[in-house]
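Summary of the model geometry
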4 protein chains.
Amino acid sequence: MNKTWTYSTPGIPDGLFARGAVPMTKEEVRALTICRARLAPGQVIWDVGAGTGSLTVEAALLSPQGKVFAVEQKEEAVQLIRENCRRFDVTNVSVVLGRAPEALCDLPSPDRVIVGGSGGELPGILAFCAARLNPSGLVVVNAIAPATLTAALAVLGTHPFTELAGIQVQVSRLEQLGKEQFFRAQNAVWILCAQKEVE
Amino acid sequence: MNKTWTYSTPGIPDGLFARGAVPMTKEEVRALTICRARLAPGQVIWDVGAGTGSLTVEAALLSPQGKVFAVEQKEEAVQLIRENCRRFDVTNVSVVLGRAPEALCDLPSPDRVIVGGSGGELPGILAFCAARLNPSGLVVVNAIAPATLTAALAVLGTHPFTELAGIQVQVSRLEQLGKEQFFRAQNAVWILCAQKEVE
Amino acid sequence: MNKTWTYSTPGIPDGLFARGAVPMTKEEVRALTICRARLAPGQVIWDVGAGTGSLTVEAALLSPQGKVFAVEQKEEAVQLIRENCRRFDVTNVSVVLGRAPEALCDLPSPDRVIVGGSGGELPGILAFCAARLNPSGLVVVNAIAPATLTAALAVLGTHPFTELAGIQVQVSRLEQLGKEQFFRAQNAVWILCAQKEVE
Amino acid sequence: MNKTWTYSTPGIPDGLFARGAVPMTKEEVRALTICRARLAPGQVIWDVGAGTGSLTVEAALLSPQGKVFAVEQKEEAVQLIRENCRRFDVTNVSVVLGRAPEALCDLPSPDRVIVGGSGGELPGILAFCAARLNPSGLVVVNAIAPATLTAALAVLGTHPFTELAGIQVQVSRLEQLGKEQFFRAQNAVWILCAQKEVE
């Protein structure tokens, strides 16, 4: 059993992950993203633009007997994903080096798709997910660019997607500066999700 | 097994709970609060100022073989907690009608304390928790009033508490207004947490 | 001289305006919008989608010897604009009943354009402003819909516009609830601005 | 006449000020602070904890025939205030090197007090202002520390103060990162204000 994270809740502290120079989804946004993905044992989960693999690790821990496919185009990030999987004793992960949506072709059809990073390819990725997602499967998209937000809203608001929902979340973290305390702002993130219609 | 919520992740939609006129911790803040409580099977958990019991239900689901004590002084809210426990097939909950901290006296020592509502009694409640919390146990406080924020910071920043951490989280939810979409702001909440020192 | 607002600073309290059922730009967002418009005496200013005329009044007060053209397509709102101009003794305003961009055709070329409301016509309005704005003139756009945000970013980021800048501002206001104080969140607004290139 | 800032609106861009290593109230928060101070020609204005003098300069520009007293305890900051006054051709400012509240003793009674920085002395400063503020004068306090927030709320909510109002404002600024745009979050600030009762 995993000794690094022994809890049943998501929201692993950022500092427990190997990071390098790869951007990482921060603890609170990661927790809310995982929550919106409504994970359960036995699911097939795609983590697209997996980065450091922090979402991958959380998803793998919360879907035992499931399988997470972490798709990432940067070699350096792929190494980090592998290291983070080792660090959290996560064995139900396949790391896929490649560029989405092409790299998604040979994967089994997912119950959940998490798009943490899309490198400007979001419409293509979501179109691919629309085709491959299992009926009543969920897709969750993180966006920090306005263009990503509107691209996601456009696709997730139309057939075969339904139940479009979204939040903007802005977190500030308590810090000590000398004798004073203040809250340091983190950049706001949009978390968007939708369900594939049951045919 | 619970049929209402079959997922391993917290963040149950607000609409699935019975609510009445009792204020409820909203989905996103509830999810982050539960995540910061770092739940695990077998814990003793106090939910102080349990309100509708939404945090109680989430905690009970994520700590099977654990026990949640939901403490609430309003009779009307106690009924809601019981109804929500039935609704989610949660059986590891004891509802305690009474006013904290007095109502906490006869409860077994907790591994986790969640203070969702404190009715102006926060310093007394936290002093009581400081005495009764098991070593390395965690306390998580939700605050919407500035006075609650500073009261919590003062107590959680001193012995026997350590590892003070806190966030302010502000969530806005996507809504459709005619043909236009916008994000409706929800009030910001502070989530503060600390650990009891290992003696 | 105007007796209702005797100060040299913008940010007139919401409650001083006649409002009816017409949506109004709130005090803080209005103040920041006016500030970003960098007003000065003698300017020609278009307030497009003027609504209650709250931006019109503030602009008129801060540009004496200037002229504000308040363009609004709803008859009911036009009445409010006139009433608010009377209330603040503002005489350098022309109210134009009509739909932008058509209603802008006969107006003198502006030094400043403020687009508070665009009714889905933003690209057309901004294209028109691009043609008519005086060299080194400024345009300021308020957006609450994601689609408005990205439409504004697309146009204001390209020729003949330069110096694109933007903020998202989220304000929460202190309220008293019984003995407790809290901050009630208002919806976030994007304020975008750009300058027309000097030819 | 001042050639650096020729507009009638506050909200001078941060980059136009000399800054050094002294923390500066950012453009948007500065604009809203100045707006809440409701300035007018001829006022006596105290800027307590003046820092770089950015609030001092804005106040001086908006209160011609008025007088701004910029009180600051750090020699390095005092030099910056003087430089910024020169830069904006502002001549109605007296810079006072010293620690508030002691340094306020010999100043003429103010119509407006702006407390941008209080170095932990806020209760003493506000008690002094309560005594010296002219009837119906206004005080505006910026706070980034929770302790400052609650200290200000406590004093400004009681006699001789009335009309307590406050906001939390959180601004994010558009930035370009390669081909992508995003909004970079700035730390939230509380702006609190109150009026001295007319005796």
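Residues numbered from 1 in each chain as written. Chains lettered and ligands numbered in written order. Predicted model: local features only at pLDDT ≥ 70, side-chain atom pairs only at ≥ 80, totals over all residues. Heavy atoms only, no water.

1. Examining the overall build of chain A
Applied cut-off: Helix numbers and strand numbers start at the N terminus; a helix is a DSSP run of H or I with at least 4 residues, a strand a run of E with at least 2. Using C-alpha atoms as the atom set, the radius of gyration is obtained and then compared with a globule rule of 2.2 Å times the number of residues to the power 0.38. Note on contacts: a residue pair qualifies if any of its non-hydrogen atoms lie within 4.5 Å across the two residues.
In terms of helices and strands, chain A carries five helices and eight strands. Whereas a compact globule of 199 residues would reach a radius of gyration of roughly 16 Å, chain A reaches 16 Å, a difference of no more than 12%. For chain A, the spread of C-alpha atoms along the principal axes amounts to about 60 × 35 × 30 Å. A separation of at least 24 residues holds for 67% of the contacts in chain A among residues at least 6 apart in sequence.

2. What to know about the pairing of strand 6 (residues 161-177) of chain A
Test applied: Pairing between two strands is assigned when DSSP locates at least 2 bridges connecting them.
With seven bridges connecting them, strand 6 of chain A and strand 8 (residues 189-196) of chain A associate as antiparallel partners. When the sheet's bridge partners are listed, A:Thr162 is paired in strand 8 of chain A with A:Gln195. Bridge analysis of strand 6 of chain A against strand 6 (residues 161-177) of chain B gives seven bridges, and the strand direction is antiparallel. Considered in strand 6 of chain B, the bridge of A:Gln168 is made with B:Ser172.

3. Focus on the interface of chain A and chain B
Selection rule: Summed over both partners, the accessible surface that disappears when two parts come together, traced with a 1.4 Å probe, is what is meant by buried area. By definition, a salt bridge exists where a carboxyl oxygen of Asp or Glu is found within 4 Å of a side-chain nitrogen of Lys or Arg. N or O atoms closer than or at 3.5 Å make up a polar contact, with two conditions inside protein: a donor-capable atom paired with an acceptor-capable one, and, for residues adjacent in sequence, both atoms drawn from side chains.
Listed as interface residues are 37 residues of chain A and, on the opposing side, 37 residues of chain B. Buried surface at the junction of chain A and chain B, both sides included, amounts to about 2,800 Å², of which 62% is carbon and sulfur. Area buried by chain A at its contact with chain B is led by A:Thr9, A:Arg38 and A:Phe183, which between them contribute 19% of it. If you look at where chain A meets chain B, you find four salt bridges. Across the chain A-chain B interface, the total number found is 15 residue pairs in polar contact (both at pLDDT 80 or more).

4. What to know about the relation of the copies chain A and chain C
Note the following rule: Least-squares superposition of the copies uses the C-alpha atoms of those residues scoring a pLDDT of at least 70 in each of them.
With an RMSD of 0.0 Å, the fit of chain A onto chain C corresponds to turning through 180° and sliding 0.0 Å along the axis. Given the turn and translation reported, the copies of this chain are related as if by a two-fold rotation axis. Comparing contact sets, 100% of the residues at the interface of chain A also lie at the interface in chain C, consistent with an isologous, same-surface contact.

5. Some remarks on the interface of chain A and chain C
In many reports, interface size means the accessible area that the parts give up when they come together. Rules: Gly is placed with the polar residues, together with every amino acid not listed as nonpolar (Ala, Val, Leu, Ile, Met, Phe, Trp, Tyr, Cys and Pro) or charged (Asp, Glu, Lys and Arg).
Contacts between chain A and chain C engage seven residues on the former and seven residues on the latter. Between chain A and chain C, a total of about 430 Å² is buried, with carbon and sulfur atoms accounting for 75% of that surface. Here chain A and chain C share one residue pair in polar contact (both at pLDDT 80 or more) between them. Split by residue class, the side of chain A that touches chain C holds five nonpolar, two polar and no charged.

6. Remarks on helix 1 (residues 27-36) of chain A
Here is the rule we go by: With a 1.4 Å probe rolled over the protein chains alone, any residue whose accessible area is under 20% of its type maximum counts as buried; one over 50% counts as exposed, and the rest are partly exposed.
The element helix 1 of chain A is extensively covered by neighbouring structure, given that 10 of its 10 residues are classed as buried. Two residues or fewer after helix 1 of chain A comes A:Arg38, characterised by a positive phi angle close to 50°.

7. Re the packing of helix 1 of chain A against helix 1 (residues 27-36) of chain B
For any two helices packed against each other, the geometry is given by the interaxial angle and the distance between the axes. As a reminder of what qualifies: The convention used is that axes are lines fitted to C-alpha atoms, helices contributing only their stretch in contact, and that angles between N-to-C directions extend from 0 to 180 degrees. For this classification, under 35 degrees means roughly parallel, over 145 means roughly antiparallel, 65 to 115 means roughly perpendicular, and everything else is oblique. For a crossing to be left-handed, the near helix must be turned anticlockwise from the far one by less than a right angle; the clockwise case is right-handed.
Put simply, helix 1 of chain A and helix 1 of chain B touch, their axes get as near as 10 Å, and they point 115° apart. By the criterion of interaxial angle, the relationship of helix 1 of chain A to helix 1 of chain B is roughly perpendicular. The crossing of helix 1 of chain A and helix 1 of chain B is right-handed. Contact residues: A:Glu27, A:Glu28, A:Ala31, A:Leu32, A:Cys35 and A:Arg36 in helix 1 of chain A; B:Glu27, B:Glu28, B:Ala31, B:Leu32, B:Cys35 and B:Arg36 in helix 1 of chain B.

8. Focus: the state of the cysteines
The test is simple: The criterion for a disulfide is a pair of cysteine sulfur atoms lying within 2.5 Å.
All chains considered together, the criterion is met by zero disulfides over all chains. Cysteine C:Cys193 remains unbridged, with the sulfur of C:Cys35 as its closest cysteine sulfur at 11 Å. Residue D:Cys105 stays outside any disulfide, its sulfur separated by 11 Å from that of D:Cys129, the closest cysteine.

9. Some thoughts on the pairing of strand 1 (residues 44-48) of chain D
Residues and elements named next belong to chain D. Quick note on the threshold: When the strands point away from the viewer, a crossover counts as right-handed if the path from the first strand over the helix to the second runs clockwise.
Of all five residues making up strand 1, five are buried, and the element is well covered by its neighbours. Residues Val44, Trp46 and Val48 line one face of strand 1 and the alternating positions Ile45 and Asp47 line the opposite face, and both faces are buried. Examined bridge by bridge, strand 1 and strand 2 (residues 67-72) share five bridges and lie parallel to one another. Residue pairing in the sheet places valine 44 in a bridge with lysine 67 of strand 2. Considered for its hand, the β-α-β crossover made up of strand 1, helix 2 (residues 54-62) and strand 2 is right-handed. Two elements, strand 1 and strand 4 (residues 112-115), share four bridges in a ladder whose sense is parallel.

10. Things to note about the nonpolar core
Nonpolar side chains tend toward joint burial in soluble globular proteins. The cut-off we apply is this: As used in this record, nonpolar core signifies buried Ala, Val, Leu, Ile, Met, Phe, Trp, Tyr and Cys residues forming a set joined through side-chain atoms within 4.5 Å.
The biggest cluster of nonpolar side chains holds 69 residues, and the ones touching the most others in it are A:Val169, A:Ile191, B:Val93, B:Val169 and B:Ile191. Not counting residues up to four positions away in its chain, the partners in contact with B:Ile191 are B:Val29, B:Leu32, B:Thr33, B:Arg36, B:Val140, B:Val141, B:Asn142, B:Ala165, B:Gly166, B:Ile167 and B:Val169. Among the nonpolar cores identified, the runner-up in size contains 67 residues, and C:Cys35, C:Val171, D:Ala50 and D:Val140 belong to it.

11. Side note on the packing of helix 4 (residues 122-132) of chain B against helix 5 (residues 146-156) of chain B
All names here are of chain B. It is the contact of helix 4 with helix 5, at a shortest axis distance of 10 Å, that shows an interaxial angle of 25°. Looking at the two axes, helix 4 sits roughly parallel to helix 5. Crossing of helix 4 against helix 5: the hand is right-handed. Contacts between helix 4 and helix 5 involve Leu122, Pro123 and Leu126 from the first element and Thr148, Ala151, Ala152, Val155 and Leu156 from the second. Looking at the contact of helix 4 with helix 5, its residues break down into seven nonpolar, one polar and no charged.

12. Regarding the pattern of salt bridges
Side chains that carry opposite charge are capable of pairing whenever their charged atoms lie near each other. Under the defined criterion, the tally for this structure stands at 36 salt bridges over all chains. With its nearest N and O atoms 2.9 Å apart, the salt bridge here joins D:Arg173 to D:Asp14. Here the residue D:Arg173 occupies a position in strand 6 (residues 161-177), and D:Asp14 occupies one in the segment before helix 1 (27-36), the gap between them amounting to 159 residues. We classify D:Arg173 as partly exposed; its relative accessible area is 23%. Look at D:Asp14 and you get buried, because its relative accessible area is 8%. Overlapping salt bridges, with partners in common, bring together A:Asp14, A:Glu28, A:Arg30, A:Glu58 and A:Arg173 in one network.

13. Describing unusual backbone geometry
Of note, the bond from C:Ala100 into C:Pro101 is cis; its omega dihedral lies within 30 degrees of zero at 5°. Assignment of secondary structure puts C:Pro101 in the loop between strand 3 (93-97) and strand 4 (112-115). In this model, B:Asp89 sits at a positive phi of 55°, which is unusual for a non-glycine residue. With respect to the secondary-structure elements, B:Asp89 resides in the loop between helix 3 (75-87) and strand 3 (93-97).

14. What to know about the confidence of the model for chain A
Here is the rule we go by: Confidence of the prediction at every residue is given by pLDDT, a number between 0 and 100.
Residue-level pLDDT values for chain A average 95, and 99% of them are 70 or greater. We note a pTM of 0.97 for the whole complex and an ipTM of 0.96 for its interfaces.

15. Quick word on the relation of the copies chain A and chain B
Placing chain A over chain B gives an RMSD of 0.0 Å and needs a rotation angle of 180°, together with 0.0 Å of translation along the axis. Both copies contact each other with a shared surface, as 100% of the interface residues of chain A are interface residues in chain B too.

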